[in-house]
Amino acid sequence: MHPVTEIQASPQTLPSLRRYDRLAVSFHWAVFVLVALAYAAIELKGSFAKGTPPRALAMAVHEWAGALVLVLAVPRLLWRLLRGAPAPEPGARWMQRAGAAMHWVLYLFILAQPLLGLLAMNAGGHLLALPALGIEVPALVAPDPALKDSVKEIHETLGTAFYLVIGLHAMAALFHHYMLGDGTLRRMWR
Ligand code: HEM
Ligand code: HEM
């Protein structure tokens, strides 16, 4: 077999031109863990009675995991704009385009969703704070009940819609790996 064909047919480690760099991979999986934590916490919150400490803790975990998503999403997006991405794995053009479009939608989500959550909180008259550590994130807006209601609704709708979008994204990655057998998942791994 020609050596190049051999590399493309069964690569153990993808050549660097075909992979995301280490920082991009670290950003991807760190954001994934934080988004999963934010979702898990807000789901758990509903199972605790109102006014109980576990419910308050679940809410705080949701808010802080979500806020950390934003803290990572900004440098992640800058790194992506600066470094670009490896050319897509060979395949149907429509699939490559759909993948690229999906990635920008996901970037928009990890920036917008925490911002909306923070806005809803501030408009409701609350600050994101950890008093024990003396941390207090300044308010983005003054208290405004009407703004709070509308922003909170958008945050909740978007949060629900993205279960589906993230699920599709993950299924596409697994489809590439197990059905198409290409390097799409491996290039975002390690
Ligand atoms: C990627 C980050 C985030 C995701 C995926 C996310 C997702 C969600 C979801 C799914 C809900 C529940 C929707 C429902 O009940 O139908 C929710 C509610 C909420 N989130 Fe977030 N959120 C994120 C970040 C944040 C941040 C950073 C804050 C505030 C600092 C925040 C504040 C809230 C608030 C106040 C609610 C309403 C809770 C309630 O009244 O039950 N979220 N979020
Ligand atoms: C919170 C959940 C997730 C978010 C927000 C997210 C976001 C993203 C974004 C923005 C990209 C584009 C990277 C770039 O080009 O700069 C990407 C790529 C990728 N993601 Fe995710 N992702 C999530 C979960 C997952 C999961 C669960 C999997 C695997 C099962 C996965 C597998 C991949 C793969 C393989 C790529 C590279 C695709 C390619 O280069 O064509 N992601 N993800």
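Only a predicted model underlies this, so the values are computations on that prediction, with no experimental measurement involved.

A. Here's a closer look at the coordination of the iron atom of ligand 2. Protein coordination at the iron atom of ligand 2 comes from His28 (NE2) and His169 (NE2), with a distance range of 2.0 Å. Taken together, the six donor atoms coordinating the iron atom of ligand 2 and their angles of 89 to 179° define a geometry best described as octahedral. With histidine 28 in helix H2 (residues 22–45) and histidine 169 in helix H5 (residues 145–180), this pair connects stretches of sequence that are 141 residues apart.

B. Main features of the UniProt feature "transmembrane region" (unreviewed entry) in the chain. Here, UniProt's "transmembrane region" (unreviewed entry) annotation points to residues 23–42, 62–79, 100–121 and 161–180. Helix makes up 100% of residues 100–121 and strand 0%, with an end-to-end C-alpha separation of 32 Å.

C. Inspection of the packing of aromatic side chains at higher detail. Scanning the model with the defined rule gives five aromatic pairs in all. Between tryptophan 29 and phenylalanine 32, the ring centres sit 5.6 Å apart and the planes meet at 85°, which makes this aromatic pair edge-to-face. With tryptophan 29 and phenylalanine 32 both in helix H2, this residue pair falls three residues apart, about one helical turn. Overall, the relative accessible area of 44% leaves phenylalanine 32 in the partly exposed class. Here tryptophan 104 and tyrosine 107 contribute two aromatic rings whose centre-to-centre distance is 5.3 Å and whose plane-to-plane angle is 35°, an arrangement assigned as tilted. Taken together, the positions of tryptophan 104 and tyrosine 107, both in helix H4 (residues 93–123) and three residues apart, correspond to about one turn of that helix. Among the aromatic residues, ring-to-ring pairing joins Trp29, Phe32 and Trp189 into one connected group.

D. How the structure looks around the UniProt feature "domain: Cytochrome b561 bacterial/Ni-hydrogenase" (unreviewed entry) in the chain. Feature annotation in UniProt places "domain: Cytochrome b561 bacterial/Ni-hydrogenase" (unreviewed entry) on residues 19–189, given in this structure's numbering. For the annotated span residues 19–189, helix accounts for 71% and strand for 2% of the residues, and the straight-line distance between the end C-alpha atoms is 9 Å.

E. The arrangement of the coordination of the iron atom of ligand 1 in detail. Ligation of the iron atom of ligand 1 by protein atoms is provided by His62 (NE2) and His155 (NE2), these donors lying 1.9 to 2.0 Å from the ion. Seen from the iron atom of ligand 1, its six donor atoms lie at angles of 87 to 180°, and the figure they make is octahedral. One end of the pair, histidine 62, is in helix H3 (residues 53–83); the other, histidine 155, is in helix H5, and 93 residues separate them in sequence. Across this residue pair, the class does not change: histidine 62 and histidine 155 are buried.

F. Region of the structure containing the site of ligand 2. Close to ligand 2 lie 20 residues, the nearest being Tyr20, His28, Arg80, Tyr107 and His169. One of the side-chain N or O atoms of histidine 169 is found 2.8 Å from a nitrogen atom in ligand 2. Within the side chain of arginine 187, one N or O atom sits 2.9 Å away from an oxygen atom of ligand 2. The set of elements that each furnish at least two residues to the shell around ligand 2 consists of H2, H3, H4 and H5.

G. Here's a closer look at the nonpolar core. Val31, Val35, Tyr39, Val69, Phe109, Ile110 and Phe162 are the most contacted members of the largest nonpolar core, which totals 15 residues. Looking at this core, the elements that each hand over two or more residues are H2, H3, H4 and H5. The element contributing the most residues to this core is H2, with five residues. Not counting chain neighbours up to four residues away, the residues in contact with phenylalanine 109 comprise Tyr39, Pro114, Leu158, Phe162 and Ile166.

Reading the values: rules and limits
Residues numbered from 1 in each chain as written. Chains lettered and ligands numbered in written order. Predicted model: local features only at pLDDT ≥ 70, side-chain atom pairs only at ≥ 80, totals over all residues. Heavy atoms only, no water. Donors = N, O, S within 2.8 Å, 3.2 Å for Na, K, Ca; no water. Tetrahedral: all angles 85-135°; square planar, octahedral: opposite > 155°, others 65-115°. Helix = DSSP H or I, 4+ residues; strand = E, 2+ residues; numbered from the N terminus. UniProt positions renumbered as here; feature names shortened; annotations may be inferred. Phe/Tyr/Trp six-rings, centres within 6.5 Å; stacked < 30°, edge-to-face > 60°. Buried < 20%, exposed > 50% of the residue type's maximum accessible area, 1.4 Å probe, protein only. Near = heavy atom within 4 Å. Polar contact = N/O pair within 3.5 Å; in protein donor to acceptor, adjacent residues only side chain to side chain. Core = buried A, V, L, I, M, F, W, Y, C linked by side-chain atoms within 4.5 Å. Contact = heavy atoms within 4.5 Å.

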